[in-house]
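For reference, the chains in residue letters:
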Amino acid sequence: MTTSRTPPAVPPSAPPPAPARPPAEVVAALRAAGCVFAEEEAALLVRAAASPDRLAALVTRRAAGEPLEHVVGWAEFRGLRIDLAPGVFVPRRRTEFLVARALALAPAARTVVDLCCGSGALGAVLAAALPGAELHAADIDPAAVACARRNLAPYGGRVHHGDLYAALPGALRGRVEILAANVPYVPTADIRLLPAEAREHEPAVALDGGPDGLAVLRRVAEGASGWLAPGGCVLAETSARQAPAALRAFTEAGLTAAVAVCEETEAHVITGVLPRAELPGFPEPESPEDPERTR
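Residues numbered from 1 in each chain as written. Predicted model: local features only at pLDDT ≥ 70, side-chain atom pairs only at ≥ 80, totals over all residues. Heavy atoms only, no water.

Colleague: Break down the overall build of the chain for me, with residues and values.
Modeller: Helix and strand counts for the chain stand at 10 helices and 10 strands. Across the 295 residues of the chain, 51% fall into the buried class. Within the chain, residue pairs in contact and separated by at least 24 positions form 65% of the contacts whose partners lie at least 6 positions apart. Surface exposure of the chain reaches about 13,400 Å², of which carbon and sulfur atoms provide 55%. (Helix = DSSP H or I, 4+ residues; strand = E, 2+ residues; numbered from the N terminus. Buried < 20%, exposed > 50% of the residue type's maximum accessible area, 1.4 Å probe, protein only. Contact = heavy atoms within 4.5 Å. Areas by Shrake-Rupley, 256 points an atom, 1.4 Å probe, with all protein chains shown as cover.)

Here it is as structure tokens:
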């Protein structure tokens, strides 16, 4: 078992740090299992364990290949501690760029939807940045819905179970200012190439994007205009290879589309804004010819 993720982070809301040097036998067990950041992970496991027996159980789970975030029960995402449960998609650090783009496009949004919400990580950080905003989230996976309800409860968020827009209350039509959709975008044939942590411990519905990886993204794009407020934005993550086709899907759905790229994490985010040129005094936003690049 190996991991290529960045070193585990401790969120600001976490308990006081554990001793600087975790037990050598814990570090050795994790290193033998292939954990790249064995010392950092060992420190987190020590903090999560209430007893030596509990620590041994956590080390066994991690050494067997279970994601660290599932083992300790949380993940850090843009400074927030997001509760997780086994079988729920682990939010990726690169997806923080999608949140940054959403807040740049709609810094005063009052109605936010987190579609394909998983743990609700995107909705939580957007709600934290937009106090008082009305927040809704939806996912087709019951385990994800239960997890998201725990994470979004402090913000008054409502989490719905169902398939994309079919899960949302009809009263949201034409009102959504930020529609963040962390859609699955791995092509079906490439699922076998994913790290075992993802392939064996995260739900296929959160990973598999269909033959070219864009099946769910296209559905999100096609339905977005019926839910967005004029000038509202929809955002989805994709890969560099898929970006041109994803951009085309957003454009064909009648959205003013652009690609934003974070060079540090190589994240690619497709943004689509519902034109509001038909409303007096609101010019249609311009779409840049080249993808926006952010360091």
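Further notes follow.
Colleague: With reference to specific residues and values, describe the pattern of salt bridges.
Modeller: One pass over the structure, following the stated rule, counts 11 salt bridges. Where Glu76 meets Arg93, a salt bridge forms, and the shortest distance between an N and an O atom there is 3.4 Å. Of this pair, Glu76 sits in strand 1 (residues 74-77) while Arg93 sits in the loop between strand 2 (80-83) and helix 5 (96-105); the two residues are 17 residues apart in sequence, bridging distant segments of the chain. According to the relative accessible area criterion, Arg93 is partly exposed, its value standing at 33%. A single salt-bridge network, built from bridges that share partners, covers Glu41, Arg62 and Glu197. (Salt bridge = Lys/Arg side-chain N within 4 Å of Asp/Glu carboxyl O.)

Colleague: So what's going on with the side chain of Arg92? Which residues, and what values?
Modeller: Here Arg92 is to be found in the loop between strand 2 and helix 5. At 2.6 Å, the side chain of Arg92 forms a polar contact with the backbone oxygen of Val90. (Polar contact = N/O pair within 3.5 Å; in protein donor to acceptor, adjacent residues only side chain to side chain.)

Colleague: Can you explain the packing of helix 1 (residues 24-32) against helix 3 (residues 52-63)? Please cite residues and give values.
Modeller: Where helix 1 contacts helix 3, the axes come no closer than 9 Å and their chain directions differ by 15°. With respect to helix 3, the axis of helix 1 lies roughly parallel. In the crossing of helix 1 with helix 3, the sense of the turn from one axis to the other is right-handed. Where helix 1 abuts helix 3, its residues Val26, Ala29 and Leu30 lie against Leu55, Val59 and Arg62. For the contact of helix 1 with helix 3, the class distribution of residues is five nonpolar, no polar and one charged. (Axes fitted to C-alpha atoms, helices over the stretch in contact; angles between N-to-C directions. Parallel < 35°, antiparallel > 145°, perpendicular 65-115°, else oblique. Left-handed = near helix turned anticlockwise from the far one by under 90°. Nonpolar A, V, L, I, M, F, W, Y, C, P; charged D, E, K, R; others polar.)

Colleague: Can you break down the environment of Ala64 residue by residue, with the values?
Modeller: As for its position among the elements, Ala64 is in the loop between helix 3 and helix 4 (68-72). Distance in space between the C-alpha atoms of Ala64 and Leu30 is 9.5 Å, their sequence separation being 34 residues.

Colleague: Run through helix 9 (residues 215-224), naming residues and quoting values.
Modeller: Every buried residue of helix 9 is listed here: Val216, Leu217, Val220, Ala221, Gly223 and Ala224. Elements that come into contact with the buried residues of helix 9 comprise strand 3 (111-115), strand 6 (176-181), strand 7 (228-238) and helix 10 (243-252).

Colleague: Just give me the short version of the packing of aromatic side chains, but keep the residues and values in it.
Modeller: Enumeration according to the criterion identifies one aromatic pair in this entry. Judged by centre distance (5.8 Å) and plane angle (10°), the rings of Tyr165 and Trp227 are stacked. With Tyr165 in the loop between strand 5 (158-161) and strand 6 and Trp227 in the loop between helix 9 and strand 7, this residue pair connects regions lying 62 residues apart in the sequence. We note that Tyr165, like Trp227, is buried. (Phe/Tyr/Trp six-rings, centres within 6.5 Å; stacked < 30°, edge-to-face > 60°.)

Colleague: Mind laying out unusual backbone geometry, listing which residues take part and the relevant values?
Modeller: Leave glycine aside and you will find that most residues have negative phi; peptide bonds, for their part, are mostly trans. Backbone geometry at Cys116 places phi at a positive 55°, although glycine is not the residue there. By the secondary structure assignment, Cys116 is in the loop between strand 3 and helix 6 (121-129).

Colleague: A description of the pairing of strand 4 (residues 134-139) should follow, citing residues and the corresponding values.
Modeller: Side-chain positions along a regular strand alternate between the two faces of the sheet. Extensive coverage of strand 4 is indicated by the burial of five of its six residues. Looking at chain direction, strand 3 and strand 4 are connected through five bridges and run parallel. Looking across to strand 4, one finds that Asp114 is bridged to Ala137. The parallel pair strand 3 and strand 4 is bridged by helix 6, and the resulting crossover is right-handed. (Pairing = 2+ DSSP bridges. Right-handed = clockwise from strand over helix to strand, strands pointing away.)

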